[in-house]
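Chain and residue survey
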Amino acid sequence: MANNLKIAIVTGASSGIGREFVRLLDKELISLDEIWVIARREERLKALAKEVGTKLVPIEMDITSKEAVGVLAYLLKEKKPAVKFLINCAGFGKIGRVTALPVEGQLSMVKVNCLALTELTLMVLPYMAKKSRIIQMASAAAFLPQPGFAVYAATKSYVLSFSRALNNELSNTGIRVTAVCPGPVNTEFFDLAEQTGSIPVYKKLVMADPEKVVRKAFYDSVAGKSMSVYGGTMKALHVLAKLLPHEFMFNFI
Ligand SMILES: NC(=O)c1ccc[n+]([C@@H]2O[C@H](COP(=O)([O-])OP(=O)(O)OC[C@H]3O[C@@H](n4cnc5c(N)ncnc54)[C@H](OP(=O)(O)O)[C@@H]3O)[C@@H](O)[C@H]2O)c1
């Protein structure tokens, strides 16, 4: 199926974690011919293309748009690339109680974080082979329900569950899927998230550097790990969420 064009596909490449992944791929994977970078803000993608040495192919698209996804499917059929990395970073969250947030924004979180991520994963999989890697941005919010961030946390539980199951299903193919589960990361994510509510102070105190989160996620993925959890605090949260009743933990999150 695939020809010699070796590529990575990164969604959410116009800012934050996705953009850091592109910078890291550029530094670490000199064997890539192209990185296809996806987001709605094309000018950001073009600026990134000027910054890195690897050839970037900016694909301006809303990943929830049927037409745009169709164009990507067509591009894949035309070029038949060998996709070495699919990195799904596009996503957003809105803080606030379910009854207080507009319905459309909450449904949109499900569309971007779950539906589009699934659609792109299924679309790209046929172009992947042994040693290819899928990196899915989940979140530590996947570890337990989060009142006040309910739909977002639920979408990330979906991503974690889907990714781990897919990783298991692909175990005899040499393709590995890694769900990345950081706590708060210092990106533009909170510009949007905090338009409707504030994050607790303790989350601001454990805010991680995106470059460090991405570096760990990349090497965990190369090592074939099914999950990447950055930092001691989030590792502890992961364990506690398995041990303690969630109703009790709701008092602290
Ligand atoms: N920052 C955190 O604290 C944190 C923690 C855990 C997990 N995460 C997850 O990590 C991922 C990346 O977040 P980030 O922190 O890097 O946030 P960010 O800086 O706000 O980046 C989000 C990216 O998603 C893209 N995007 C959003 N909606 C899109 C759509 N409909 N179509 C195409 N692209 C879309 C944005 O591009 P355009 O606006 O240009 O389209 C942007 O590139 C998200 O899935 C987020 O849930 C973040």
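Residues numbered from 1 in each chain as written. Predicted model: local features only at pLDDT ≥ 70, side-chain atom pairs only at ≥ 80, totals over all residues. Heavy atoms only, no water.

1. Some words on the packing of helix 1 (residues 16–28) against helix 8 (residues 210–222)
The N-to-C vectors of helix 1 and helix 8 enclose an angle of 60°; their axes lie 9 Å apart at closest approach. Put simply, helix 1 runs oblique to helix 8. By crossing handedness, the relation of helix 1 to helix 8 is classed as right-handed. Within the contact between the two elements, helix 1 uses I17, E20, F21, L24, L25, K27 and E28 and helix 8 uses P210, E211, V214, R215, A217, F218 and Y219. When its residues are assigned to classes, the contact of helix 1 with helix 8 shows nine nonpolar, no polar and five charged. (Axes fitted to C-alpha atoms, helices over the stretch in contact; angles between N-to-C directions. Helix = DSSP H or I, 4+ residues; strand = E, 2+ residues; numbered from the N terminus. Parallel < 35°, antiparallel > 145°, perpendicular 65-115°, else oblique. Left-handed = near helix turned anticlockwise from the far one by under 90°. Contact = heavy atoms within 4.5 Å. Nonpolar A, V, L, I, M, F, W, Y, C, P; charged D, E, K, R; others polar.)

2. A look at the site of the ligand
By nearness alone, 29 residues border the ligand, and S15, R40, Y152, V185 and T187 come closest of all. S15 has a polar side-chain atom sitting 2.6 Å from an oxygen atom of the ligand. For the ligand, whose free accessible area comes to 880 Å², the fraction covered by protein is 95%. Mapped by element, the contributors of at least two residues to the shell around the ligand are helix 1, helix 5 (150–169) and helix 6 (189–193). Of the residues assigned to the shell around the ligand, the class counts are 16 nonpolar, eight polar and five charged. (Near = heavy atom within 4 Å. Polar contact = N/O pair within 3.5 Å; in protein donor to acceptor, adjacent residues only side chain to side chain. Areas by Shrake-Rupley, 256 points an atom, 1.4 Å probe, with all protein chains shown as cover.)

3. Quick notes on the side chain of T54
Mapping T54 onto the fold places it in the loop between helix 2 (42–51) and strand 3 (55–60). At 2.5 Å, the side chain of T54 and the side chain of D26 are in polar contact. Every residue in contact with T54, bar those within four places of it in the chain, is listed here: D26, L32, D33, E34 and I35.

4. Quick notes on a nonpolar patch on the surface
A surface patch of nonpolar side chains, amounting to about 580 Å² of accessible area, comprises V239, L240, L243, L244, F248 and F252. Broken down by element, the nonpolar patch gets its largest block of residues, three residues, from helix 9 (residues 232–243). Within the secondary structure layout, V239 lies in helix 9. (Patch = residues over 30% accessible without salt bridge, like charges linked within 9 Å, V, L, I, M, F, W, Y side chains within 5 Å. Salt bridge = Lys/Arg side-chain N within 4 Å of Asp/Glu carboxyl O.)

5. Digging into the packing of helix 4 (residues 103–124) against helix 5
Direction vectors running N to C along helix 4 and helix 5 enclose 15°, while the axes themselves pass 9 Å from each other. In terms of orientation, helix 4 and helix 5 fall into the roughly parallel class. Read as a crossing pair, helix 4 and helix 5 show a hand that is right-handed. Here helix 4 contributes Q106, M109, V110, N113, C114, L117, T118 and T121 to the contact with helix 5, which in turn contributes V151, Y152, T155, K156, Y158, V159, F162 and L166. Classifying every residue of the contact of helix 4 with helix 5 by side-chain character gives 10 nonpolar, five polar and one charged.

6. A few points about the nonpolar core
Counting 56 residues, the largest nonpolar core has I9, L72 and F143 as its most contacted members. With near-sequence residues (within four places) excluded, F143 lies in contact with L160, C181, M227, V229, M234, L237, H238, A241 and H246. Core analysis: the next-biggest nonpolar cluster, separate from the first, contains 29 residues, L24, F85, M137 and A208 among them. (Core = buried A, V, L, I, M, F, W, Y, C linked by side-chain atoms within 4.5 Å. Buried < 20%, exposed > 50% of the residue type's maximum accessible area, 1.4 Å probe, protein only.)

7. Quick notes on the pattern of salt bridges
One side chain can pair with another of opposite charge once the charged atoms of both are near each other. Summed over all chains, the structure comprises 12 salt bridges. Measuring nitrogen to oxygen at the nearest pair gives 3.8 Å for the salt bridge that ties K204 to E194. Residue K204 is located in helix 7 (residues 201–205), and its partner E194 is located in the loop between helix 6 and helix 7; the two are separated by 10 residues in the primary sequence. The exposure class assigned to K204 is partly exposed, which follows from its relative accessible area of 45%. Linked by salt bridges that have partners in common, E20, R23 and E51 make up one network.

8. Re the pairing of strand 6 (residues 176–180)
The buried count for strand 6 comes to four of five residues, which makes it a mostly enclosed element. Handedness of the crossover joining strand 5 (residues 133–137) and strand 6 through helix 5: right-handed. The sheet contact formed by strand 6 and strand 7 (residues 227–228) spans two bridges and is parallel. Looking at strand 7, one finds that A179 is bridged to M227. (Right-handed = clockwise from strand over helix to strand, strands pointing away. Pairing = 2+ DSSP bridges.)

Any functional reading would require information that these geometric values do not contain.
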